[in-house]
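As a plain string of letters, each chain reads:
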Amino acid sequence: MYRREHRHQLSFEDFFLPFGGKLSGDNRWIKLAELIPWDELEDDYASQFCKGFGAPAKPFRMALGALIIKARMAITDDELVEQLKENPYLQFFIGLEVFQFSAPFDPSMMVYFRKRLPESVINDCNERIVRHGLNVIQAAGTDDDQGADKGGGSSTGHSSNDHTSTPSANQGTLLIDATCAPVDIRYPTDLSLLNEAREVTEKLIDAMHPPIREGFGLKPRTHRKKARQQFLAVAKKKRPRISKIRKAIKQQLGHLERNLGSIDALIACSGCLLAAGRHWYHKLLVVSELVRQQKILYHSDSRSIPDRIVSLFQAHIRPIVRGKARCNVEFGAKISISVTGDGFTYLDRLSYDPYNEGEDLKAQARAYRRRHGHDPEVICADQIYRTRANRAFCQRHGIRLSGPRLGRPKSDPELVAEEKRQFLDDQRQRNAVEGKIGQGKRRFGLGLICEKLAATQGSAIALAVLVMNLEKLLGLLLILFTFLFQLLIGTESIRRGEERLLSNQPAAA
């Protein structure tokens, strides 16, 4: 159930503080709140809930605001609630009208906020926030410029209508790239995964046997101490031999097959898999698939298998081969992002299965046209995007794709030098998307995703991109206010100089 409160837009001047005083309009959270169209975004959020059934859900502004604060401050859910209890600006940002000393919600509600705002909803909010924020900044600049003109100053021409000529069909620059958002899991090895799976089966046997002890008889033997010793004999060695590792894997597979057979016998004797909990049934399915994959890998020469499981508790995670110097393989979601020439970032694709990012160029170009109403003039991309299909697509739509052209080099040295300069200039522009990836990983949590569920991980990744755009909007707003302040100071100094000149003219006469 969702109960929407119909009230006017909350203003920070009306926010009541029990200990006296008012909030400052120059605070960053006040300015951020003005850049987000809360009422427009709430309509889609409210449509997820039924009418007149269930307890009322938390407002949309509280849900999205809490997620933005967490991503922007890089804190945990518990620390977020503590910050909300202490900071009136944060309470205003999430939509509270009066400062309160108690927590507005329990830290466990953050999980439900991430589930209710999945990746697709966050991406839609991202586009709407960017449009609304740019309109707010443009309106603020227009109003202040008119005020400066009334004060006698001259405008510098910083307006969106500077280009009087007819715009071309293609405008702007699109920067695209792909990266991996690694999740917080232990580095997986075949032996450690099999040992963890064996422990799962042992817990299931311990939970399933007591209710059917009279009908089944003695509990099946698991040889857990012996299996643990066999695992530690190899795991504790710094550099075990391949033969030792293969022998340990074979031993763990044998223990697992015996335990899975015992579980089937318990089920045949009316044993209940839910005796250990609902989530253990899902883990049993993962263990069965892991055993199947490891048996194939053990008896074959290949070390690769489709949909390879690297974590029992996060079975959706897949290895992503990146080929980087720091780490050749990363474990997490692979994402494709695009950055416009204005510096705004969009999440175009998120997948836990590895894919060729060169296939995303057409979809990213169409998304750019949907957002801006026209195709980009230039697409700056890595070498993997420069396929013949992508080159043909860009040629049909009048888009210049960065990089050297196909075929033999031209015979004219000047044209060769010009193409080289153009290529270097495109590479310099493409560095902006690398910088955005670094900003997301170092500042906004894309370097290590700590959420556990696939839905909440996608929400956290999309939210990091949204917060990067909010930072960009806040920076543009600060630059605008700084420029207008300097403009007003210059106008005031010119006016005072003119008054001083006029006052000195009669004295000179």
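See above for the structure.
Below is a summary of the structure that appears in this document. (Residues numbered from 1 in each chain as written. Predicted model: local features only at pLDDT ≥ 70, side-chain atom pairs only at ≥ 80, totals over all residues. Heavy atoms only, no water.)

What about the overall build of the protein chain?
Then, in step 1: Scanning the protein chain from terminus to terminus reveals 16 helices and six strands.
Then, in step 2: Restricting the contact set of the protein chain to residue pairs at least 6 apart, pairs at least 24 apart contribute 71%.
Then, in step 3: Taken as a whole, the protein chain presents about 28000 Å² of accessible surface, with 53% of it coming from carbon and sulfur. (Helix = DSSP H or I, 4+ residues; strand = E, 2+ residues; numbered from the N terminus. Contact = heavy atoms within 4.5 Å. Areas by Shrake-Rupley, 256 points an atom, 1.4 Å probe, with all protein chains shown as cover.)

Some thoughts on a positive patch on the surface
Then, in step 1: Together, Lys237, Arg241, Lys244 and Lys247 make up a region of like positive charge exposed at the surface.
Then, in step 2: Summarising the element assignment, Lys237 is placed in the loop between α10 (224–235) and α11 (242–268).
Then, in step 3: Note on Lys237: relative accessible area 44%, which makes it partly exposed. (Patch = residues over 30% accessible without salt bridge, like charges linked within 9 Å, V, L, I, M, F, W, Y side chains within 5 Å. Salt bridge = Lys/Arg side-chain N within 4 Å of Asp/Glu carboxyl O. Lys, Arg positive; Asp, Glu negative; His and termini not counted. Charge placed at Lys NZ, Arg CZ, Asp CG, Glu CD. Buried < 20%, exposed > 50% of the residue type's maximum accessible area, 1.4 Å probe, protein only.)

Let's talk about the packing of helix α13 (residues 361–372) against helix α14 (residues 388–396)
Then, in step 1: It is the contact of α13 with α14, at a shortest axis distance of 10 Å, that shows an interaxial angle of 25 degrees. When the axes of α13 and α14 are compared, the pair comes out roughly parallel. Across the interface between the two elements, Leu361, Lys362, Ala365 and Arg366 from α13 touch Ala389, Asn390, Phe393 and Cys394 from α14.
Then, in step 2: In terms of residue class, the contact of α13 with α14 is built from five nonpolar, one polar and two charged. (Axes fitted to C-alpha atoms, helices over the stretch in contact; angles between N-to-C directions. Parallel < 35°, antiparallel > 145°, perpendicular 65-115°, else oblique. Nonpolar A, V, L, I, M, F, W, Y, C, P; charged D, E, K, R; others polar.)

Let's talk about helix α15 (residues 413–443)
Since the α-helix packs 3.6 residues into each turn, any two residues three or four apart lie on the same face.
Then, in step 1: Its 31 residues place the ends of α15 45 Å apart at the C-alpha level, agreeing with the 45 Å of an ideal helix rising 1.5 Å per residue.
Then, in step 2: All of the buried residues in α15 are Asp426, Arg430, Val433, Lys436, Ile437, Gly438 and Gly440.
Then, in step 3: For α15, the N-terminal cap is Asp412; the gap from its side-chain oxygen to the backbone nitrogen of Glu414 is 3.2 Å.
Then, in step 4: Just beyond α15, the residue with positive phi is Gly445, at close to 85 degrees. (Expected span 1.5 Å × (residues − 1). Polar contact = N/O pair within 3.5 Å; in protein donor to acceptor, adjacent residues only side chain to side chain.)

Focus on the nonpolar core
Then, in step 1: Of all hydrophobic cores here, the largest spans 82 residues; its most connected members are Phe60, Leu64, Ile68, Phe93, Phe105 and Ile461.
Then, in step 2: By residue number, the principal contributor to this core is helix α16 (residues 454–508), which donates 13 residues.
Then, in step 3: For Ile68, the residues in contact, after removing those within four places along its chain, are Ile36, Phe93, Leu463, Leu466, Val467 and Leu470.
Then, in step 4: Ile205, Phe231, Ala248 and Ala315 belong to the second-largest nonpolar core, a separate cluster that totals 29 residues. (Core = buried A, V, L, I, M, F, W, Y, C linked by side-chain atoms within 4.5 Å.)

Some words on the pairing of strand β1 (residues 173–182)
Then, in step 1: Across the ten residues of β1, ten count as buried, placing the element largely inside the fold.
Then, in step 2: With three bridges joining them, β1 and strand β5 (residues 378–380) adopt parallel strand pairing. What sits directly across from Thr173, in β5, is Val378.
Then, in step 3: Bridge analysis of β1 against strand β3 (residues 329–340) gives nine bridges, and the strand direction is antiparallel. The partner of Ala181 across the bridge, within β3, is Ala333. (Pairing = 2+ DSSP bridges.)

Notes on the environment of Gly458
Then, in step 1: For Gly458, the location among the structural elements is in helix α16.
Then, in step 2: Of the residues examined, Gly458 reaches a relative accessible area of 3% and is grouped as buried.
Then, in step 3: Along the sequence, Gly458 and Ala333 sit 125 residues apart, while their C-alpha atoms lie 8.2 Å from each other.
Then, in step 4: Contact partners of Gly458, with chain neighbours within four places excluded, come to Glu119, Leu350 and Tyr352.

Describing the environment of Pro306
Then, in step 1: In this structure, Pro306 sits in the loop between α12 (278–299) and β2 (319–321).
Then, in step 2: Given the relative accessible area of 63%, Pro306 is considered exposed.

So, the packing of aromatic side chains
Then, in step 1: Using the criterion set out here, one finds five aromatic pairs in the structure.
Then, in step 2: Measuring from ring centre to ring centre gives 5.6 Å for Trp38 and Phe93, while their planes differ by 80 degrees; the resulting arrangement is edge-to-face. Of this pair, Trp38 sits in helix α2 (residues 38–46) while Phe93 sits in helix α5 (residues 88–93), and the two are 55 residues apart along the sequence.
Then, in step 3: Judged by its relative accessible area of 4%, Trp38 is buried.
Then, in step 4: Measuring from centroid to centroid gives 5.3 Å for Phe105 and Phe113, while their planes differ by 75 degrees, and the two rings are edge-to-face.
Then, in step 5: By the ring-pair criterion, three or more aromatic residues cluster together here, those being Trp29, Trp38 and Phe93.
Then, in step 6: The ring of Tyr112 carries the charged tip of Lys115 above its face, separated from the ring centre by 5.9 Å.
Then, in step 7: Positioned above the aromatic ring of Trp280, the side-chain terminus of Lys283 is 4.1 Å from the ring centre. (Phe/Tyr/Trp six-rings, centres within 6.5 Å; stacked < 30°, edge-to-face > 60°. Lys NZ or Arg CZ within 6 Å of the ring centre and 35° of its normal.)

Focus on the side chain of Arg430
Then, in step 1: One can find Arg430 in helix α15.
Then, in step 2: Those residues in contact with Arg430 that sit more than four places away from it in its chain are Leu175, Ile176, Asp177, Cys380, Ala381 and Asp382.

Some words on unusual backbone geometry
Then, in step 1: At His223, a residue that is not glycine, the phi angle is positive and equals roughly 55 degrees.
Then, in step 2: Mapped onto the secondary structure, His223 falls in the loop between α9 (213–216) and α10.
Then, in step 3: His223 gets classed as partly exposed once you look at its relative accessible area, which sits at 33%.
Then, in step 4: A positive phi is found at Ser270, a non-glycine position, where the angle reads about 70 degrees.
Then, in step 5: Inspection of the secondary structure assignment puts Ser270 in the loop between α11 and α12.
Then, in step 6: Overall, the relative accessible area of 63% leaves Ser270 in the exposed class.

Quick notes on a negative patch on the surface
Then, in step 1: Judged by side-chain charge, Asp78, Glu79, Glu86 and Asp106 come together as a negatively charged surface patch.
Then, in step 2: Position of Glu79 among the secondary structure elements: in helix α4 (residues 77–86).
Then, in step 3: On the accessibility criterion, Glu79 (32% relative accessible area) is partly exposed.

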